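Fold and contact review
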Amino acid sequence: MSDNSSPQPGKPGGAGRYTRPDSGALVLCGARLADGRTVDVRLGGGRIEAVGTAGSLAPQGARVDLAGYLLLPAPAEPHAHCDTALTADAEGPASDSAEDVQRRTTEAALLQLGHGATASRSHVRIGGVQGLRALEAVLQARRALRGLADLAAVAVPRVLTGVAGANGLAMLRDAVKMGATVIGGCPDLDPDPTGYVETVLEMAGEHSCPVDLHTDGDDPARLARVATMCGGLRPGVAIGPCAGMARMPRSVAARVAEQLAAADVAVVCLPQGDCTGLERNGNRVSRPAPVRLLRAAGVRVAAGSGALRDAANPVGRGDPLEAAYLLASLGEATPEAAYETVSSAARATLGLPEVRVEAGFPAELLAVRGERIAGVLSLAYSRIVVHRGRVVARTSAVREYCDSVDVALELPRQSQR
């Protein structure tokens, strides 16, 4: 498998190939849509300018042949920990120097981009001996990635209440001034979880910031309080991974889901398992939050990857399509609904505009080799990623067999008994 981070102009035809005439427009040719149509799509100015039947759009601008590809709204990563990503193989404690954190964050964001996520939200711990160093490094990586991918930073203080919380509160204020656009944290780790949430919501209201809280969600009374406290807050509240809801009696979980829906609180589940934010010391849960139940109650559910090869999951891939695949394979959603959790629902949770393959919508797109969503979730190898109307990543997979096609067509064989 070969990966190329930029289009290759001037090469001859063939699926996925690029040709670049003089115009600044980009035309995606012969792409299949989820509804079965085969279309050409013209992009310009970071948006979709036109969608027409295959061959109907004038051959102006750069061209990408997408014959054999399914064209979808690009996914987004709603729950990442880029500052601690790629540390599973470190000998001893991972380096927390600004240079190493920036390098890890950049590499993690590019890995996610290669999988199709053109936007991501990364939770960054602040306070303690590290202070704001990790956040500063993540913000520097965000600036370096501009034009390739959008990266939002969530400031995550450990403790916010009592005497011990004074430093965390001061750090949180400084983090927002530095450029953290979301306020987060894990109330489960604070001696006063309710006070922690109150403090976060108060500061989010002062600065008009979204809120994104870590919680296992195994206490229905606590979730009910969160729903009551967060109801109506704009620009929005997300909680996750809420895997504890899967361990509740169904009737209790259904009541909690109704309360979350009434308060317009989104849930970000992590099908791959827990993340470093919950500090579960590797004791990962076997199932994600009850996505089907939550969606039936009207809760917006987004799916994230969480850990990316760190202490919480040494084999995490940071692949939105794998998160969708896991939800579908667990029976928590149809393939189409599972993809929605990593695309439209994830983008809405991040406060990003809706994407459809229609004229006027943002040109945030993912082309995957295949014909239907179920197929691409199963075998999503070759991918082409479009961000702001420009091809920013390409992954090509080639499979070869050593024997002839005639021999291969005779397989598999069974011995006679």
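Residues numbered from 1 in each chain as written. Predicted model: local features only at pLDDT ≥ 70, side-chain atom pairs only at ≥ 80, totals over all residues. Heavy atoms only, no water.

Counting its regular elements, the protein contains twelve helices and 18 strands. Going through the 417 residues of the protein one by one, you find that 53% of them count as buried. Contacts spanning at least 24 positions in sequence make up 74% of the contacts within the protein whose residues lie at least 6 apart. (Helix = DSSP H or I, 4+ residues; strand = E, 2+ residues; numbered from the N terminus. Buried < 20%, exposed > 50% of the residue type's maximum accessible area, 1.4 Å probe, protein only. Contact = heavy atoms within 4.5 Å.)

Their axes nearest at 8 Å, the elements helix H1 (residues 98–115) and helix H2 (residues 133–144) cross at an angle of 45°. The angle between H1 and H2 places the two elements in the oblique class. The crossing of H1 and H2 is right-handed. Side by side, H1 and H2 meet where Ala98, Val101, Gln102, Thr105 and Thr106 of the first sit next to Arg133, Ala134, Ala137, Val138, Gln140 and Ala141 of the second. For the contact of H1 with H2, the residue count by class is six nonpolar, four polar and one charged. (Axes fitted to C-alpha atoms, helices over the stretch in contact; angles between N-to-C directions. Parallel < 35°, antiparallel > 145°, perpendicular 65-115°, else oblique. Left-handed = near helix turned anticlockwise from the far one by under 90°. Nonpolar A, V, L, I, M, F, W, Y, C, P; charged D, E, K, R; others polar.)

Now for unusual backbone geometry. Cis geometry is adopted by the peptide bond preceding Pro241, which originates at Gly240 and carries an omega value of 5°. Turning to its location among the elements, Pro241 is positioned in strand E13 (residues 237–241). Phi at Arg309 takes a positive value of approximately 50°, unusual for a residue other than glycine. In this structure, Arg309 sits in the loop between strand E15 (301–303) and helix H8 (320–329). Classification of Arg309 by relative accessible area gives partly exposed; the value is 37%. Of note, the phi angle at Arg388 is positive, near 55°, even though the residue is not glycine. If you trace the backbone, Arg388 turns up in the loop between strand E17 (383–387) and strand E18 (390–396). Taking relative accessible area as the criterion, Arg388 reaches 43% and is therefore assigned partly exposed.

For sheets, the rule is that strands pair by backbone hydrogen bonds, running either parallel or antiparallel. Ordered by their spatial adjacency, eight strands build an open sheet running E8-E9-E10-E11-E12-E13-E14-E15, and the pairing between neighbours is parallel. The two strands at the open ends of the sheet, each matched to only one other strand, are strand E8 (77–80) and E15. On average, each strand axis in the sheet is tilted by 25° relative to the strand beside it, whichever way the strands run. The sheet contact formed by E13 and strand E14 (residues 265–269) spans three bridges and is parallel. Note on E14: the bridge partner recorded for Val237 is Val265. (Pairing = 2+ DSSP bridges.)

Our next topic: the nonpolar core. Ranked by size, the top nonpolar core spans 78 residues in total, and within it Leu135, Ile239, Met245, Leu260 and Leu294 carry the most contacts. With six residues, helix H4 (residues 193–207) is the single largest residue contributor to this core. Those residues within four positions of Leu294 in sequence are excluded, and the remaining contacts are Met245, Ala257, Leu260, Val267, Ala289, Val299 and Val301. Of all hydrophobic cores here, the second largest spans 21 residues; its members include Leu26, Leu28, Ala31 and Ala363. (Core = buried A, V, L, I, M, F, W, Y, C linked by side-chain atoms within 4.5 Å.)

Tallied over the entire structure, the rule returns 17 salt bridges. Of the charged contacts, one joins Glu332 and Arg287 as a salt bridge, the two residues approaching to 2.9 Å between their closest N and O atoms. A residue pair is termed long-range when its members are at least 10 positions apart, and Glu332 in the loop between H8 and helix H9 (335–342) and Arg287 in the loop between E14 and helix H7 (291–296) qualify at 45 residues. Given the relative accessible area of 10%, Glu332 is considered buried. In this structure Arg287 comes out as partly exposed when scored by relative accessible area, which is 35%. Notably, a salt bridge pairs Glu322 with Arg317, separated by 3.4 Å at the nearest N-O pair. Residues joined by salt bridges that share partners form a network here, namely Asp100, Arg103 and Glu107. (Salt bridge = Lys/Arg side-chain N within 4 Å of Asp/Glu carboxyl O.)

In this section: empty space enclosed by the protein. Rolled over the atoms, a probe as big as a water molecule pinpoints where empty space is left. Within this structure, the stated rule accounts for five cavities of 30 Å³ or more. In this structure, the largest cavity occupies an estimated 90 Å³ of space. As for the largest cavity, its lining consists of Pro187, Pro193, Thr194, Val197, Leu213, Thr215, Arg222, Leu223, Arg225, Val226, Met229 and Ile239. Listing elements by their share of the lining of the largest cavity, those giving two or more residues are H4, strand E12 (211–215) and helix H5 (220–230). (1 Å grid on protein atoms, 1.4 Å probe; cavity = no way out; pocket = protein on both sides within 12 Å on 5 of 7 lines; lining within 4 Å. Points joined across faces, edges and corners; volume = space filled by probe spheres on them.)

What follows covers the pairing of strand E6 (residues 62–65). Residues Ala62 and Val64 point to one face of E6 and are all buried, whereas Arg63 and Asp65, pointing to the other face, are not buried. When strand E3 (residues 26–32) meets E6, the two strands line up parallel, connected through four bridges. When the sheet's bridge partners are listed, Leu28 is paired in E6 with Val64.

Keep in mind these numbers describe shape, not what the thing actually does.
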